[in-house]
Amino acid sequence: MITTYALSLPTVDCTEEQRIAVIDIVSDWLVEHYPLDTRGPGTTVRTRESTDDPVFRLTITESAPGNSHVETLTISVVMIADVLTFDIRISSTPTASRVIPFSSPMLPVRVAHLVKKVLTAVPSEDANRYITDAPTVVRDELGGQEIAAFVLAPSRRLPVLVEVLDFERNTPLLIAMGAGPLVGLVHVVQITTADALRGFLSLTGYALVGPGCVVVNWAGNTEPEIVHRRELPSASENRERARLVQLILETAARSIAAPRVPAPPRRDEDLVELVSREVTVTNEIVSEDQAIHIEQLESSIDELEAALADADRRLAEQRAQLEQKGGQLDELILRNVSLEMQAGNTANTRAVASMTEALRLAQEHCPFLVFHARAIESGEGLEGPEPVSVLQDLVRLNEVARAWMSGEITGTSIKLACRQMGLDFAPDISATARQKYEEDYLIDWRGKIVRAEAHLRRGRKAHLVRIHLYFDSETQQVVVAYIGRHLRDKGSSS
């Protein structure tokens, strides 16, 4: 795993109310940016939270399509004694097998906003100076000396980004927006006058810093990063600003250690009786070993979760591709059926392997037909006739239903329209069938019992199939009531 962002803000003299306030901020942030009903494949959320646990931890794993890395965001709120630590880490887990350059992604704006909200709720200090998003503007010599003293403070943990306004050329500031994505990671100072610059240089002793310079003063008084803006072409300023931001982010990611957290509390029923043995190490060493072991286990869990999220996303993509191919196959089958009908031939599509498949295609692609539950049940149980032939008749009938619903034909013209579409249509049944076997033709439709007498005839003997229909003159709907063998009529034995 590659750490791309790290921030840790310890605050002393905190209360339980402040800890709960920070947890509420993180929980609200989660609901706002990762609502439960919008988490797609490849996104998982895990939470460690308990009333007797001093650690609140939120872990979000995301595998984006087309990305060669899985991003894991971990937010921890740890309260030990009176020290409240707010910690955020973003790590990337490679998922590709190719050797390609890796560039750290820019910090999401939502993460920077979260840090600002937490700093507002629980102000944190660095070398007795509050950490804020707003820049400190220095206009006089005393203010410049104060900033220089802060830069030289041995207890300072965060870098100080000092930008000197080019008051000789009156050019705008390069880092004018404040900390921005660096909130919580840097102190931003703007020196706007020659007097303030003189006071700053009198204590720091920087010889090469003047108007238009940007100085990144690292913690520990190591060699600063100095940018001479006057030497930069104007077209390179935006790129230089981005480089400085990324430099500080990457330095923090490689420098800030994760807080050591205790193991989750165990309930009494989960405890097992331990065999007593001689202990030759101190309690401090045991606790340290336990903390390291917990970190290793959590790192392994994060890696497994990243692999799981990536696999979930890949499965979703493959499922979508299969559904797309299935839709394309359905379209090709129906197009083939339509072309065969136009040519006057009988369709021969082996892709329709069963009546269940034929009925599925008909329901999805015949919008002017209404399929009664009895038609689906009887049709799926039908064996013998070629399923594509039944599908072909339903596609043709769908065109007749469309014409009837649009008013192009009347009820008396249905038989002629069916014949023109190549359908063998019979508008009614025999008197014997109506009197002796009426129950075979009845369906429950819109709260009343109706008789589906009209039917389409196809095939003979083992290939015989009947499709019974009901034409609702009130709603102009064509209801497919039955698909199957010949129903009982005058030719049936009593």
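What comes next concerns the included structure. (Residues numbered from 1 in each chain as written. Predicted model: local features only at pLDDT ≥ 70, side-chain atom pairs only at ≥ 80, totals over all residues. Heavy atoms only, no water.)

**A few points about the packing of helix H1 (residues 16-33) against helix H2 (residues 109-121)**
Orientation of H1 relative to H2, taken along the N-to-C sense of each, is 155°, at an axis distance of 10 Å. When the axis of H1 is compared with that of H2, the two are roughly antiparallel. For the pair H1 and H2, the crossing hand works out as right-handed. Taken together, the residues of H2 that come into contact with H1 (itself represented by Val22, Ile25, Val26, Trp29, Glu32 and His33) are Arg110, Val111, Leu114, Lys117, Val118 and Ala121. Grouping the constituent residues of the contact of H1 with H2 by class yields eight nonpolar, one polar and three charged. (Axes fitted to C-alpha atoms, helices over the stretch in contact; angles between N-to-C directions. Helix = DSSP H or I, 4+ residues; strand = E, 2+ residues; numbered from the N terminus. Parallel < 35°, antiparallel > 145°, perpendicular 65-115°, else oblique. Left-handed = near helix turned anticlockwise from the far one by under 90°. Contact = heavy atoms within 4.5 Å. Nonpolar A, V, L, I, M, F, W, Y, C, P; charged D, E, K, R; others polar.)

**Some remarks on the pairing of strand E4 (residues 69-80)**
Burial analysis of E4 places eleven of its twelve residues in the buried class, the great majority of the element. Here strand E3 (residues 55-62) pairs with E4 via eight bridges, running antiparallel. Across the sheet, Phe56 pairs through a bridge with Val77, a residue of E4. In the sheet, E4 pairs with strand E5 (residues 83-94) via twelve bridges, with the strands oriented antiparallel. Counted as the bridge partner of Glu71 is Ser92 from E5. Between E4 and E5, which pair antiparallel one after the other, the connecting turn spans two residues, and Ala81 there sits at a positive phi close to 60°. (Buried < 20%, exposed > 50% of the residue type's maximum accessible area, 1.4 Å probe, protein only. Pairing = 2+ DSSP bridges.)

**A few points about empty space enclosed by the protein**
For the coordinates displayed, the defined rule picks out two cavities of 30 Å³ or more. In this structure, the largest cavity encloses a volume near 50 Å³. Together, Leu9, Thr11, Val22, Leu84, Phe86, Val118, Leu119, Val122 and Ser124 line the largest cavity. Only strand E1 (2-11), E5 and H2 provide two or more residues apiece to the lining of the largest cavity. Of the residues contributing to the lining of the largest cavity, the split by class is seven nonpolar, two polar and no charged. In terms of lining residues, the second largest cavity is bounded by Leu161, Ile175, Met177, Gly178, Ala179, Pro181, Leu182 and Val245. Its residues placed into classes, the lining of the second largest cavity shows seven nonpolar, one polar and no charged. (1 Å grid on protein atoms, 1.4 Å probe; cavity = no way out; pocket = protein on both sides within 12 Å on 5 of 7 lines; lining within 4 Å. Points joined across faces, edges and corners; volume = space filled by probe spheres on them.)

**Remarks on the pattern of salt bridges**
This model, assessed by the stated rule, comprises 27 salt bridges. Arg457 is the partner of Asp424 in a salt bridge, and the nearest nitrogen-oxygen pair spans 3.0 Å. One end of the pair, Asp424, is in strand E14 (residues 424-426); the other, Arg457, is in strand E17 (residues 454-458), and 33 residues separate them in sequence. Across the salt bridge formed by Arg451 and Glu453, the nearest N and O atoms sit 2.5 Å from each other. (Salt bridge = Lys/Arg side-chain N within 4 Å of Asp/Glu carboxyl O.)

**Digging into the sheet that holds E17**
Here five strands make up an open sheet; going across it, the order is E13-E19-E18-E17-E14 and the pairing mixed. Both edges of this open sheet fall to strand E13 (369-371) and E14, since each of them pairs with a single strand only. Direction aside, the axes of adjacent strands within the sheet are offset by 30° on average. Helix-sheet contacts for helix H8 (residues 373-380) involve E13 and strand E19 (477-484), and the interaxial angle to E19 is about 30°.

**Focus on the packing of helix H3 (residues 141-151) against helix H4 (residues 194-204)**
Running from N to C, H3 and H4 point in directions that differ by 35°, and their axes come no closer than 6 Å. Taken as a pair, H3 and H4 cross one another with a handedness that is right-handed. Residues Glu141, Gly144, Gln145, Ile147, Ala148, Ala149 and Val151 of H3 lie in contact with H4, whose contacting residues are Asp195, Ala196, Arg198, Gly199, Phe200, Ser202, Leu203 and Thr204. Of the residues belonging to the contact of H3 with H4, the class tally is seven nonpolar, five polar and three charged.

**Some details on the sheet that holds strand E9 (residues 160-164)**
Taking strand neighbours across the sheet as the criterion, the five strands line up as E8-E10-E9-E11-E12 in an open arrangement whose pairing is mixed. At either end of the open sheet lies a strand with only one pairing partner, and these are strand E8 (136-138) and strand E12 (225-228). Neighbour-to-neighbour, the strand axes of this sheet turn through a mean angle of 15°, independent of strand direction. In this structure, strand E11 (residues 213-217) lies alongside E12, joined through four bridges in antiparallel fashion. Note on E12: the bridge partner recorded for Val216 is Glu225. Each of E8, E9 and strand E10 (187-191) touches H4; the most contacted strand, E10, lies at about 125° to it. Its contacts with the sheet place helix H5 (residues 237-255) against E9, E11 and E12, and it is angled at close to 175° to E12.

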